[in-house]
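Here is what each chain is made of, one letter per residue.
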Amino acid sequence: NYHMKDKPVIITNYTDDWIVRRWSLDVMKMECGHIRTSILERLPRALAALPPGPVKDDINRELMESFNISFGSVLAEMGKKRSLYEFIEIFQHHQQQQQQNPTTNNKDLRQPSFQHISHYLWPMEIHDKGILTACPQLFKDLIYPKYIPRHPISLNHIWDKFLHPRMFVAPALSRAYPTHRHGQPEHSMLLMLQGRKHFVHWPNDAAEHLYEIKLGTQTETGDRVFMANPFTNDSSQQPDMVKAQGGYEGVVHEGELLYVPRGIHIIKNLDAVLAVGYVHQLDEKVKTWNYDDSFKRAGKHCDVSAPKYLRQVACYSLQDASNSAAEEDLRWILARLNETCDGVTSEDQCTLDD
């Protein structure tokens, strides 16, 4: 009803007993607050790579007018290594100021219109960051949602940094990314641990009505970027958007899973949020990891239960194995996990409860 039709859906009452539900921004500050990271990722990195000229000048001018900060300063702030504690404190402080001064004339607090690409750069947020390195303690508590369509290709790519579980941390009313379509065919699932996200999703054939921008903003994942803003009440700014058919809209709450199929989408943070993203690759033509290399990597992370997560993927895939070759491959992987991490699993321990 959803995967084969590329239709999003919100799944409720599935994660109520998951240990990962204990996580919030305050818990993250306590358990991972000491870990240092930077947030110069995807869109800002792509914009920073633009050559000097009118496009960069326009971004800088808009940032100065909207937030009283230069493009160079934004990139410097994003590239600066801070502890997770510091980042979350910045986000929470920004939200407190917004709540106390909703009609302020202070440019640092003013809500942008999101009609310009620069409006997605400030205030800062942590977008699409690998959890294993950013917060290993959170990784320990992760569970692989059984609803993600399974295929052994997930195992071949489990260590690909773009397919690893990701985390999203952001202040209220922010958007880290304009309307976009991922460069490689994939679908994903978003688990909300704190806050709410408002999402809109369109099929790929709606692209011509969504104001695609071609300013060299291709990210490292080859995304297509659009300036369609479905959250505004003023349709006169983008009159062609009403022609985009087949879209879906909804709000995902704490504890719920949002299934995001292939297509074009945008997400707005209604509250301060903490979320986990799971990505599943659909394109079987992408490169295949060497299994021995994958298990060398797994061995380096035995202490943070990376093999446990990989075992969950393998067990779910084993239940769906469509032929004897795939089943043999999966059982070999489970056996190697047992060798790599001192009894994490064995090939005969998969049950429906894994």
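Further up the page is the structure itself.
Definitions and cut-offs
- Starting from 1, residues in each chain are numbered consecutively following that chain's sequence as written.
- Residues qualify for local features only when their pLDDT is at least 70, as the model is predicted, and side-chain atom pairs are given and counted only at 80 or more; totals for whole chains, interfaces and linings, by contrast, use all residues.
- Hydrogen atoms and water are omitted, and side-chain values are computed over all heavy atoms in the structure.
- Strand pairing is defined by DSSP finding a minimum of two bridges between the two strands.
- Secondary structure follows DSSP: runs of H or I at least 4 residues long count as helices, runs of E at least 2 residues long count as strands, and numbering of each begins at the N terminus.
- Axis definition: a line fitted to C-alpha atoms, limited for helices to the stretch in contact. Angles are taken between N-to-C directions and run from 0 to 180 degrees.
- Working definition: a ring pair exists when centres of Phe, Tyr or Trp rings (six-membered ring for Trp) sit within 6.5 Å. Plane angles under 30 degrees give stacked, over 60 give edge-to-face, the rest tilted.
- Relative accessible area decides the class of each residue, using a 1.4 Å probe on protein chains only: under 20% of the type maximum gives buried, over 50% gives exposed, and in between gives partly exposed.
- Among buried residues, the Ala, Val, Leu, Ile, Met, Phe, Trp, Tyr and Cys ones that are joined through side-chain atoms within 4.5 Å form a nonpolar core.
- Residue contacts are defined here by distance: any two heavy atoms, one from each residue, within 4.5 Å place the two residues in contact.
- What counts as a disulfide here is a pair of cysteine sulfur atoms lying within 2.5 Å.
- Working definition: the arc comes from the directions between the helix axis and the C-beta atoms, pointing outward to the latter.
- What sets the label is the angle itself: under 35 degrees gives roughly parallel, over 145 gives roughly antiparallel, 65 to 115 gives roughly perpendicular, and the rest give oblique.
- Polar here means any residue other than Ala, Val, Leu, Ile, Met, Phe, Trp, Tyr, Cys and Pro, which are nonpolar, and Asp, Glu, Lys and Arg, which are charged; Gly is therefore polar.
- Definition used for salt bridges: Asp or Glu carboxyl oxygen within 4 Å of a side-chain nitrogen of Lys or Arg.
- Every helix has an expected span of 1.5 Å times one less than the residues it contains.

K.L.:
So what about the sheet that holds strand β6 (residues 179-181)? Which residues, and what values?
P.N.:
With respect to topology, five strands assemble into an open sheet ordered β9-β6-β12-β8-β10, the strand pairing being antiparallel. One side of each edge strand has no neighbouring strand; the edge strands of this open sheet are β9 (224-226) and β10 (248-252). In this sheet, adjacent strand axes meet at a mean angle of 25 degrees when their direction is disregarded. One ladder, built from three bridges, connects β6 with β9; its direction is antiparallel. Each residue of the ladder has a partner; that of T179, found in β9, is F226.

K.L.:
I'd like to hear about the packing of aromatic side chains, residue by residue, with values.
P.N.:
Evaluation of the coordinates by the stated rule reveals two aromatic pairs. The interplanar angle of 70 degrees and the centroid separation of 5.1 Å between the aromatic rings of Y14 and W18 together place this pair among those described as edge-to-face. The class for W18 is buried, based on a relative accessible area of 8%.

K.L.:
Before we move on, could you go through the nonpolar core and cite the residues and values that matter?
P.N.:
With 68 residues, the main nonpolar core has W23, M28, L121, L138, W202 and L210 as its most contacted residues. Setting aside anything within four residues of it in sequence, one finds L210 in contact with W202, F226, M227, A228, M241, A244 and I264. One finds L190, F199, V273 and A275 within the second-largest nonpolar core, a separate group that totals 10 residues.

K.L.:
Can you lay out the side chain of K268 for me, pointing to particular residues and giving the numbers?
P.N.:
Its location among the elements puts K268 in strand β12 (residues 264-269). With residues near it in sequence (within four places) discarded, K268 still touches L173, S174, R175, R196, K197, H198 and F231.

K.L.:
Please set out the state of the cysteines residue by residue, giving values where relevant.
P.N.:
On inspection of all chains with the given rule, the structure shows one disulfide. Across a sulfur-sulfur distance of 2.0 Å, C32 and C135 are joined as a disulfide pair. Classification of the bridge connecting C32 and C135 rests on its S-S torsion, roughly 75 degrees, and on that basis the disulfide is right-handed. Residue C32 is found in helix α1 (residues 25-32), and its partner C135 is found in the loop between α6 (131-134) and α7 (136-140); the two are separated by 103 residues along the sequence. The pair formed by C32 and C135 is uniform in burial state, with each residue classed as buried.

K.L.:
So what's going on with helix α4 (residues 71-79)? Which residues, and what values?
P.N.:
Turning to α4, its buried residues are F71, V74, L75 and M78. Along the axis of α4, the buried positions cluster into a sector of 95 degrees, meaning they face one direction only.

K.L.:
So what's going on with the packing of helix α3 (residues 54-67) against α4? Which residues, and what values?
P.N.:
At their nearest, the axes of α3 and α4 sit 8 Å apart, and the two run at 85 degrees to each other. Our classification of the angle between α3 and α4 gives roughly perpendicular. Taking contact as the criterion, the partners of K56, I59, N60 and L63 in α3 are, on α4, F71, G72 and V74. Residue classes in the contact of α3 with α4 are distributed as four nonpolar, two polar and one charged.

K.L.:
Requested: an account of the pattern of salt bridges, with residues and values cited.
P.N.:
Two side chains with opposite charge may pair up if their charged atoms get near one another. Following the criterion strictly, the structure yields 14 salt bridges and no others. Of the charged contacts, one joins R22 and E31 as a salt bridge, the two residues approaching to 2.7 Å between their closest N and O atoms. On the accessibility criterion, R22 (38% relative accessible area) is partly exposed. When its relative accessible area of 26% is taken as the criterion, E31 is described as partly exposed. Where R36 meets E86, a salt bridge forms, and the shortest distance between an N and an O atom there is 4.0 Å. Placement of the pair is R36 in strand β2 (residues 36-37) and E86 in helix α5 (residues 84-100), with a sequence separation of 50 residues.

K.L.:
Lay out the environment of G195 with the relevant residues and their values.
P.N.:
In this structure, G195 sits in the loop between β7 (186-194) and β8 (197-202). Since its relative accessible area comes to 6%, G195 is described here as buried. With 75 residues separating them along the chain, G195 and L270 place their C-alpha atoms 7.2 Å apart. Residues in contact with G195, not counting those within four places in the same chain, are V252, H253, E254, D271, A272 and V273.

K.L.:
I'd love a proper account of α3, names of residues and values included.
P.N.:
Taking 1.5 Å per residue as the helical rise, α3 with its 14 residues ought to reach 20 Å, and the 20 Å between its terminal C-alpha atoms agrees with that figure. Within α3, the full set of buried residues consists of I59, E62, L63, S66 and F67. Buried residues of α3, viewed axially, fall in a sector of 100 degrees; they line one side. N68 sits one or two residues past α3 and shows a positive phi near 60 degrees.

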